[in-house]
Amino acid sequence: MEFSEHIKTANVEDVVLRQPLHPPSRGTLCITGHHLLFSDREEGSARQVLLLLRNIDAIEKRVSGSSGTITIKCKDLRVLQLDIPGMEQCLNIARSIETLSCLDCVSEMYPFFYRPSNVSPQDQWGLSSPEILYAQMKELYDRWRLSTVNRDFTVCPSYPPAVIVPKDIDDEMLIKAAKFRQGGRFPILCYYHRKNGMVILRSSQPLTGANRKRCREDELLLQAVIAESDKGYIIDTRSSQQAQQARMTGGGFESKSCYISWKRLHRPMERGKALQESLIKLVEACGDESHNMDRWLSKLENSKWLSHVQTALSTAGLLAECVERDGHSVLVHGHEGADSTLLISTLAQLIVDPHCRTLEGFLALLERELIQAGHPFQQRCAHSAYSHTRLQQESPVFLLLLDCVWQVWRQFPLALGFSEALLLRLATEAYASDYGTFLCNNDQERCALGVKEKTHCLFQALLRPKEKEHYSNPLYEPTELAIWPSVHPQSLQLWRGFFLRWNHQARHLEEAQEEIRNMVIEWGKLARCGGGRPELGSSEGGVLPVSSNCSF
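Turning our attention to the overall build of the protein chain. Looking only at helices and strands, the protein chain has 19 helices and 14 strands in total. In summary, the protein chain has a C-alpha radius of gyration of 25 Å against a globular reference of 24 Å for 552 residues, a match within 12%. Overall size of the protein chain, expressed as C-alpha extent along the three principal axes, is 80 × 60 × 55 Å. Taking all 552 residues of the protein chain together, the buried fraction comes to 57%. Counting contacts in the protein chain only where the partners sit at least 6 residues apart, residues at least 24 apart contribute 71% of the total. For the protein chain, the accessible surface area stands at approximately 24,700 Å², while carbon and sulfur atoms represent 49% of it. Measuring between centres, the 62 positive side-chain charges of the protein chain sit 4 Å from its 66 negative side-chain charges.

We now examine the sheet that holds strand E7 (residues 79-85). On the basis of which strands lie adjacent, the open sheet formed by seven strands has the order E4-E3-E2-E1-E7-E6-E5 and antiparallel pairing. At either margin of the open sheet sits one strand with a lone partner, and together these are strand E4 (48-52) and strand E5 (56-64). On average, each strand axis in the sheet is inclined to that of its neighbour by 30°, with strand direction left out of account. As defined by bridge partners, strand E1 (residues 11-18) adjoins E7 across three bridges and the pair is classed as antiparallel. Looking at the pairing, Arg 18 lines up with Gln 81 of E7. Against the sheet, helix H1 (residues 87-100) makes contact with E1, strand E2 (25-31), strand E3 (35-40), E5, strand E6 (67-74) and E7, and its axis sits at roughly 165° relative to E5, the strand it touches most.

Now for helix H8 (residues 305-324). In this model H8 runs 28 Å from its N-terminal to its C-terminal C-alpha over 20 residues, within 8% of the 28 Å that 1.5 Å per residue would give. Counting buried positions along H8 gives 14 out of 20 residues, so the element sits mostly inside the fold.

On the secondary structure map, Tyr 471 appears in helix H17 (residues 465-471). Residue classification places Tyr 471 among the buried positions, given a relative accessible area of 6%. Taking the C-alpha atoms as reference points, Tyr 471 and Leu 53, separated by 418 residues in sequence, lie 26 Å from one another. Reaching out from Tyr 471, the side chain makes a polar contact with the side chain of Arg 425 at a distance of 2.8 Å.

A few words on the packing of aromatic side chains. Counting across every chain of the model gives 13 aromatic pairs. Aromatic side chains Tyr 110 and Tyr 114 sit 5.8 Å apart centroid to centroid with 45° between the ring planes, which places their arrangement in the tilted category. Feature note: the residues Trp 305, Trp 406, Trp 495, Phe 498 and Phe 499 constitute an aromatic cluster, connected by ring pairs. If you follow Arg 325 out to its NZ or CZ, it ends over the ring of Trp 484, 4.1 Å from the centre.

Another aspect to go through is the packing of helix H10 (residues 359-371) against helix H12 (residues 397-411). For any two helices packed against each other, one specifies the crossing angle of their axes together with the interaxial distance. Relative orientation of the contacting elements H10 and H12 amounts to 150°, with a least axis distance of 13 Å. Here H10 runs over H12; the crossing is right-handed. Residues Phe 362, Leu 366 and Leu 370 of H10 form the contact with H12, whose own contacting residues are Phe 398, Leu 401 and Val 405.

A few words now on helix H9 (residues 340-352). Given a rise of 1.5 Å per residue, 13 residues ought to cover 18 Å, and the 19 Å separating the end C-alpha atoms of H9 matches this to within 8%. Of all the 13 residues making up H9, 13 are buried; the element is thus mostly covered by neighbouring parts of the structure.

Attention now moves to the nonpolar core. Formed by 102 residues in total, the largest nonpolar core has its most connected members in Phe 362, Phe 398, Leu 426, Phe 459 and Phe 499. Per-element accounting of this core gives the leading share, 11 residues, to H12. Leaving out residues up to four positions away in the same chain, Leu 426 has contacts with Phe 362, Leu 363, Leu 366, Phe 398, Leu 402, Phe 438, Leu 458, Phe 459 and Leu 462.

Reading guide: rules and limits
Residues numbered from 1 in each chain as written. Predicted model: local features only at pLDDT ≥ 70, side-chain atom pairs only at ≥ 80, totals over all residues. Heavy atoms only, no water. Helix = DSSP H or I, 4+ residues; strand = E, 2+ residues; numbered from the N terminus. Rg over C-alpha atoms; globule rule 2.2 N^0.38 Å. Buried < 20%, exposed > 50% of the residue type's maximum accessible area, 1.4 Å probe, protein only. Contact = heavy atoms within 4.5 Å. Areas by Shrake-Rupley, 256 points an atom, 1.4 Å probe, with all protein chains shown as cover. Lys, Arg positive; Asp, Glu negative; His and termini not counted. Charge placed at Lys NZ, Arg CZ, Asp CG, Glu CD. Pairing = 2+ DSSP bridges. Axes fitted to C-alpha atoms, helices over the stretch in contact; angles between N-to-C directions. Expected span 1.5 Å × (residues − 1). Polar contact = N/O pair within 3.5 Å; in protein donor to acceptor, adjacent residues only side chain to side chain. Phe/Tyr/Trp six-rings, centres within 6.5 Å; stacked < 30°, edge-to-face > 60°. Lys NZ or Arg CZ within 6 Å of the ring centre and 35° of its normal. Left-handed = near helix turned anticlockwise from the far one by under 90°. Core = buried A, V, L, I, M, F, W, Y, C linked by side-chain atoms within 4.5 Å.

Laid out in structure tokens, this is it:
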């Protein structure tokens, strides 16, 4: 496709740009196949604004006389306004934006055209994989093996080519077990707890159906995970009623009579449309300019967003507790096993595994547990909170995860090796990016399009020296203990850095925090020269949250 076909007017002079946190400015607006570029032409100013068209969630146009106004609502929650002289020019620009911001063809998106200096697409792509995880975990070798049964993606389209499975289960058994699970997502290992040898597995729901079908291979797979005298837990992210209803459409759950060593726990979590509508209501509340506190609090509560945060952290805490404190292995699944399942398995690993709390370890965790594990980013992040289009498969699961991580980061300001700035960057990049990391829905699609060969990896870019320094937490004090976040309502806060990021008060707070961060970095340098820093307070069995309203 030629992008020029959709650009009737390439540039317009004398455009006025109004954007948050800046005074109005007059200049030239240019539109390309992937960007809007505004160049300030006022004397003494060289400011430019470059906006990726993919970041545009919705536009509204208003024509009055011989001029027009385009309001641009972005997926990162920015709202921009363009005052354009000339009605025809305004309508042409609006049509171009509407078309080019909604391109469905992945290979025509900007990551396939982005070429940063001093970096080659042939450079290493990614940080982690099942193969790397298995090679690093010598403890797995006795009872677990690396299977390439899915090397051509025919067993499970949303799994990576290699997976870690029990040593006693051969590939033929895996193929049969996959046919018994929604979308072929049979149980695979995603985490091994070195302290006690327990594991976390994830899958999709079993296809028992109304006739209570069984699969001997699936039962043997789960039995091979635990010792004969031991028991395991199955955390189902649906309610008991939802699991029962799923049987009527061919789904279901693991029955006690067939999986005698496994105990099922139901922890219902919202997903899909309900979660997307919750985000829309929250963003609407954050845009309320009535300055009425009662109205604001009512809207915040009605959005139920913080309730979803609480549920996710609580369920992840339960999973972590089963593994860390109770010493039992756990299988996690919901319906398809690609949304809430991945959300809580990721959070649980952040809670119990010190390596996942480092900057590099956290990025590797996201790559392994969401990108390679088949979270459908292309579908879930197609639109944000402003879109006027009918909801299809959009759902802010990844944004909810980042919000939960932020809550942990706020409660444990010393325990995580990365800063809030990293979470904000990831939240933006998931919806619109120069990089190919969040493209497509699974590894099969990425392989078919050559994403790893033709685009650049965001996570590698974030670990370059200058970026790494910016996204690191200067207060970081590593601890080998688990960290247990509080989920009491009074312990959870609105993520102001994201949801109010374009608000003047939030920006003042951000500037103050950046100044404090710089002071802490300087203090750290002096401390290294003249002595140590105070150690992280802890309690038996893990680190408890601190009471602090100051974040860095």
